[in-house]
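What follows is each chain in one-letter form.
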Amino acid sequence: MTYESGSLAPNEVRRLFDRIAPVYDVMNRVMTVGLDRSWRRLAVEAVVQPGDRVLDACCGTGDLAIAAEREGGHVTGLDFSPAMLERARRKSASIEWVEGDMLALPFEDASFDAATVGFGVRNVVDLERGVAELRRVLRPGGRLAILEITHPRGLLRPFFSLWFDRIVPLLGKVLPGGRAYTYLPASVRRFPGAEELAALLERHGFGHVRFRLMGGTIVALHTAVATVESGD
């Protein structure tokens, strides 16, 4: 498997993110023209309430977890990349940072009031299992927000294809470890579209599933509520 395939074994995904950790924040700002910060804020505002126990899965360098804390949550950030977590810990000492796998979350059932995933679910090898794990650790009525790059639509689609397929990989190649950004466009292409992801959430114990497209349709914010029965 190669970066260009958009599909890597779990150990390869971990090594990839360890390599790009030094440039991850910079590339996020470049790729989104700085809009990723406002998207993260919208995600936490949609599901986090003051006093909530919040899980930020696939937390990366911690920006979404920190946004959830600012919203009043008691936050746990989880990622399986040690290098990403090292940078997250530098940003906040009050958040609990945990090294772990979203496919086998190291938490008891119904441990959290809300869960967030920002630009991470497309890297999960078994998406359905990952969603089922999020449902397991959420209490009934708990809220979920998933922020992810999606398939662009409409008149801007050719521009986004040029940006992500050509320009972003070129930018990545000039940064340390940035060659891995050739993986990004391929991972987006193989990831389910917004409607498909909404249907997957409904199959795994979530109701009130909604999504909104942002950034000219390149990003989708899905929100959902854990139902009383998980359907497992």
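Procedures and definitions
- Residues numbered from 1 in each chain as written.
- Predicted model: local features only at pLDDT ≥ 70, side-chain atom pairs only at ≥ 80, totals over all residues.
- Heavy atoms only, no water.
- Buried < 20%, exposed > 50% of the residue type's maximum accessible area, 1.4 Å probe, protein only.
- Helix = DSSP H or I, 4+ residues; strand = E, 2+ residues; numbered from the N terminus.
- Pairing = 2+ DSSP bridges.
- Right-handed = clockwise from strand over helix to strand, strands pointing away.
- Salt bridge = Lys/Arg side-chain N within 4 Å of Asp/Glu carboxyl O.
- Axes fitted to C-alpha atoms, helices over the stretch in contact; angles between N-to-C directions.

(A) Structural view of the pairing of strand β5 (residues 138-149). Judged by how many residues are buried, β5 sits mostly within the fold: nine of twelve residues are covered. By the bridge criterion, six bridges tie strand β4 (residues 112-118) to β5 in an arrangement that is parallel. Bridge pairing in β5 places A115 opposite L144. With respect to chirality, the unit in which β4 leads through helix α6 (residues 127-137) into the neighbouring parallel β5 is right-handed. Pairing analysis gives seven bridges linking β5 to strand β7 (residues 219-226), with the strands arranged antiparallel. Across the sheet, the residue bridging to R143 is V225, located in β7.

(B) Local environment of the pattern of salt bridges. Counted according to the given criterion, the structure contains 15 salt bridges. Between K91 and D63 there is a salt bridge whose closest N-O contact spans 2.7 Å. Within this pair, whereas K91 is found in helix α5 (residues 82-91), its partner D63 is found in helix α4 (residues 63-70), the two being separated by 28 residues in sequence. Classification of K91 as partly exposed rests on a relative accessible area of 34%. Taken together, the shared-partner salt bridges connect D25, R29, D36, R40, D63 and K91 into one network.

(C) Seen up close, the sheet that holds strand β6 (residues 206-214). Strand order in the open sheet formed by seven strands is β3-β2-β1-β4-β5-β7-β6, with mixed pairing between adjacent strands. Looking at the sheet topology across the chains shown, the edges are occupied by β3 (96-99) and β6. Ignoring which end each strand starts from, the neighbouring axes of this sheet average 15° apart. The pairing of strand β1 (residues 53-57) with strand β2 (residues 74-79) spans five bridges and is parallel.

(D) A look at unusual backbone geometry. Phi is positive for V33, close to 55°, though the residue is something other than glycine. As for its placement among the helices and strands, V33 is situated in the loop between α2 (24-32) and α3 (36-47). Notably, C58 is not glycine yet its phi reads approximately 55°, a positive angle. With respect to the element layout, C58 can be found in the loop between β1 and α4. By relative accessible area, C58 is classed as buried at 19%.

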